[in-house]
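Take a look at the letters that make up each chain.
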Amino acid sequence: MRLSVLLLSICAACVSAAGTTIIRVRTVDGSVLRVPLPDDGSSSTISSILNTAGIDLNAADSDGKGSLKCQVGPPGRQTDVLDLSPNGKDRDTTAEELGLKHGSMITILPPPMPKKKEAQATNTVEEDENNNRFDPFPDLAKSISFSAANRRARALSRGVSRGMTYGDISRVRSTMHTVEHQPTGALNRVYVCQVGAARFQNHCVVQSKKKKPKGNTTKKGQDLNTIENRVALLFGTINKERVDQSRKVARTSLSTSREDQKMCEVAKVHAIWEPPMQKPMINGKHYDEGCLLSTYIGDSQDTPAKETATDRAIRVAGWLGLQPVGWIFSYADEDRHEDGDALPVHGRDAVVGAKLQIETMKLKGRDEGRKFITLTLDGRIGAAEAFQLSDVCVQMVAENVLSPPIVDEKLQSTRFMTLKDPVVVSGEETKRLDSVLLLVNTAMLSHVGLYSGGTNAPIGGNVKKTSGALLGKTRKRILAALEKKDGSEVLSELCDFDVVLAIDALIGKEESEKLCLLVRKYARGQKKGTVINEQLKLTLRSVLRE
């Protein structure tokens, strides 16, 4: 046995001494080629060695993948990288200079992986959105989304055999929003104008005449009412009043002041404005939120655009002492009241309301703009409910965590929303969120708004539902009031937001502002001494008689 081993070692030594030097070349795909060197192999250059192995040194440049590079030794060893490009300095390096011996390996390095342009664009867009994003509630804001944090953590732990640590998981979890029931909102209660709500419900009812089936003996047409869901903006004021309005306390001269009683903030809706040219989708089953969002959301461009109908409504409301305090939408879905646990506000509605609240917070400031109401109205019977959106709901919409569901022909219920990123609900991670956690119940009371036209106003309103222009009978009524000496009747007719807004489109801004200030004084009780001057009367006569 010892003799055979000795003979084998002697034979191998003789072969290596007598034969040529073998250099191994490891290609990019992992295969190993053996290249014999001539007797004077120490003077052979590395380019000649690779050409003998059948490797084209100029192929990489022609394919646009960059220059060919290699290193001496197996892959993974920290050695100098040799540049084999046509102008590279290492192309003519000899085997002796590189220290190549029998059995040495030359490893061809793969070209660097190009960075994905889509990933770069996505990261750039995410960074720009985070930098330019408006956070309605900075305390709840997340500097990075869950998806980005998760990708980053996985990339950092990719080369580590142990994977993500508990610290990594905790940091990723901290980017999730915690959704829980919010007991109270910025407002304790809301006073809704009963005249405006009834008018809004009347505009949702569309009458169409269809013939009865042949089995009926009656030949007359039958009025069939269909519901076209609509949307409107609420204009009103924010006031302070006592929390307990019902309690009556006997007071004497020694009683303490009312300052010790708890006060709360309430919203009073004085006008309900419906954007013109609404086009409800799916045969009226879903309201047209685009007509409100597209004009209410501010434009980031520096150049001022043409004034939209919503901008004009906000301007006139400001002259009347009003501000946007919420929005209202109608519904006629059977599934919203199919059981005792039904909910009138679904995820799709919450996203629209949150976007409107965000724009209001940009317009009025975070403290004042967060006092925003979401009203729902059943278009069939006129039942209304009031809600506020939770702070975390508005912040998640700002971060695009809550994306609006698609409105399709099926109009599937969005009571339960599927999220892009998971959230924490009751200590558990989930991507399925119940919309009830996004709402804050708000008490609702009824009153007559200052700019509703009063209880004697026609149920269908004084303007056209589609365009917002004055009706012919409204023009005649205002012209008749202008002919009377007592100017109070004219101002009483003008205590209607829709009427004032329609007149604003007919006269100049300066005259419109003067008229709004007079109507504002009259509506707030300053009736004595509030009259329209002759010049303004002349302007109104000229535009109303056209």
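Residues numbered from 1 in each chain as written. Predicted model: local features only at pLDDT ≥ 70, side-chain atom pairs only at ≥ 80, totals over all residues. Heavy atoms only, no water.

Summing up its helical and strand segments, the chain has 18 helices and 17 strands in all. Taking all 546 residues of the chain together, 41% fall into the buried category. Taking the contacts inside the chain whose residues are at least 6 apart along the sequence as the reference set, 72% of them involve residues at least 24 apart. By element, 50% of the accessible surface of the chain is carried by carbon and sulfur atoms, the whole surface being about 31200 Å². (Helix = DSSP H or I, 4+ residues; strand = E, 2+ residues; numbered from the N terminus. Buried < 20%, exposed > 50% of the residue type's maximum accessible area, 1.4 Å probe, protein only. Contact = heavy atoms within 4.5 Å. Areas by Shrake-Rupley, 256 points an atom, 1.4 Å probe, with all protein chains shown as cover.)

On inspection of all chains with the given rule, the structure shows 20 salt bridges. Note that Glu-368 and Lys-371 form a salt bridge whose closest N and O atoms lie 3.4 Å from each other. In this structure Glu-368 comes out as partly exposed when scored by relative accessible area, which is 27%. Judged by its relative accessible area of 8%, Lys-371 falls in the buried class. Residues participating in the shared-partner salt-bridge network are Glu-307, Arg-312, Arg-315 and Asp-504. (Salt bridge = Lys/Arg side-chain N within 4 Å of Asp/Glu carboxyl O.)

Read from one edge of the open sheet, 8 strands run 16-13-12-11-9-10-6-17, paired in mixed fashion. On the outer flanks of this sheet lie strand 16 (439-441) and strand 17 (443-447), each paired with one strand and no other. Here the average twist between neighbouring strands, direction ignored, is 35°. In the sheet, strand 11 (residues 323-331) pairs with strand 12 (residues 373-378) via 6 bridges, with the strands oriented parallel. Following the sheet pairing, Phe-329 is matched in strand 12 by Thr-376. Helix 16 (residues 497-504) rests against strand 9 (231-242) and strand 10 (263-273) of the sheet, and its axis sits at about 55° to strand 10. (Pairing = 2+ DSSP bridges. Axes fitted to C-alpha atoms, helices over the stretch in contact; angles between N-to-C directions.)

Turning to the packing of aromatic side chains, a few remarks are in order. Per the counting criterion, the structure on display carries 4 aromatic pairs. For the ring pair Tyr-287 and Phe-329, a centre distance of 5.2 Å and an interplane angle of 45° mean the geometry is tilted. Of this pair, Tyr-287 sits in the loop between strand 10 and helix 9 (290-296) while Phe-329 sits in strand 11, and the two are 42 residues apart along the sequence. Each residue in the set Tyr-287, Trp-327 and Phe-329 is aromatic and connected to the rest through ring pairs, giving one cluster. The side chain of Lys-268 reaches across the aromatic face of Tyr-191, ending 5.3 Å from its centre. Its guanidinium or amino end placed over the ring of Phe-416, Arg-432 lies 4.3 Å from that ring's centre, counting from NZ or CZ. (Phe/Tyr/Trp six-rings, centres within 6.5 Å; stacked < 30°, edge-to-face > 60°. Lys NZ or Arg CZ within 6 Å of the ring centre and 35° of its normal.)

All right, on to the packing of helix 14 (residues 472-482) against helix 18 (residues 534-544) then. Between helix 14 and helix 18, the least distance of the axes is 10 Å, while the angle of their chain directions is 150°. Taken together, the axes of helix 14 and helix 18 lie roughly antiparallel to each other. In terms of crossing hand, the pair formed by helix 14 and helix 18 is left-handed. Along its contact with helix 14, which presents Arg-475, Ile-478, Leu-479 and Leu-482, the element helix 18 presents Lys-537, Leu-540, Arg-541, Val-543 and Leu-544. (Parallel < 35°, antiparallel > 145°, perpendicular 65-115°, else oblique. Left-handed = near helix turned anticlockwise from the far one by under 90°.)

Two elements in contact, helix 11 (residues 347-364) and helix 13 (residues 391-398), have axes separated by 9 Å at closest approach and are oriented at 85°. Here helix 11 is positioned roughly perpendicular relative to helix 13, judged by the angle of their axes. Across the interface between the two elements, Ala-350, Val-351, Ala-354, Lys-355, Gln-357 and Ile-358 of helix 11 pack against Cys-393, Val-394, Val-397 and Ala-398 of helix 13. Among the residues forming the contact of helix 11 with helix 13, the class breakdown is 8 nonpolar, 1 polar and 1 charged. (Nonpolar A, V, L, I, M, F, W, Y, C, P; charged D, E, K, R; others polar.)

All right, on to the sheet that holds strand 1 (residues 21-26) then. Reading across from one edge, 2-1-5-3-4 is the order of the 5 strands in this open sheet, with mixed pairing throughout. Of all the strands in the sheet, the pair left with one neighbour each is strand 2 (32-37) and strand 4 (81-83). In this sheet, neighbouring strand axes are inclined to one another by 30° on average, regardless of whether the strands run parallel or antiparallel. As paired strands, strand 3 (residues 69-72) and strand 5 (residues 105-109) are joined by 4 bridges and run antiparallel to one another. In the strand pairing of strand 5, Gln-71 is matched with Thr-107.

For the chain, the average pLDDT comes to 81, and 79% of its residues sit at 70 or higher. Here helix 1 (residues 2-18) is the element of the chain with the lowest mean pLDDT, 46, and strand 6 (residues 189-193) is the one with the highest, 95. Of the regions scoring below 50 in pLDDT, residues 1-18 engages in 0 contacts with residues more than four places distant in sequence or in other chains. Predicted confidence is poor over residues 216-223, with pLDDT under 50, and the contacts of this stretch with residues over four places away or in other chains come to 8 contacts. (pLDDT = per-residue confidence, 0-100.)

We note that Met-277 has phi near 60°; this positive angle belongs to a residue other than glycine. Along the chain, Met-277 turns up in the loop between strand 10 and helix 9. Phi is positive for Asn-400, which is not a glycine, with a value near 65°. Position of Asn-400 among the secondary structure elements: in the loop between helix 13 and strand 14 (416-425). The class of Asn-400 is partly exposed, set by a relative accessible area of 38%.

Summarising burial for strand 12: 6 of the 6 residues are buried, a large majority. Neither face of strand 12 is left uncovered, since the one carrying Ile-373, Leu-375 and Leu-377 and the one carrying Thr-374, Thr-376 and Asp-378 both have all their residues buried.

Looking now at the environment of Leu-494. Following the sequence through the fold, Leu-494 ends up in the loop between helix 15 (488-493) and helix 16. Apart from residues no more than four positions distant in its own chain, Leu-494 is found in contact with Ile-478, Val-499, Val-500, Ile-503, Leu-515, Val-519 and Ile-532.

Moving on: the pairing of strand 3. In summary, the side chains of a regular strand alternate between the two faces of the sheet. Pairing of strand 3 with strand 4 involves 3 bridges; the strand directions are antiparallel. The partner of Cys-70 across the bridge, within strand 4, is Leu-82.

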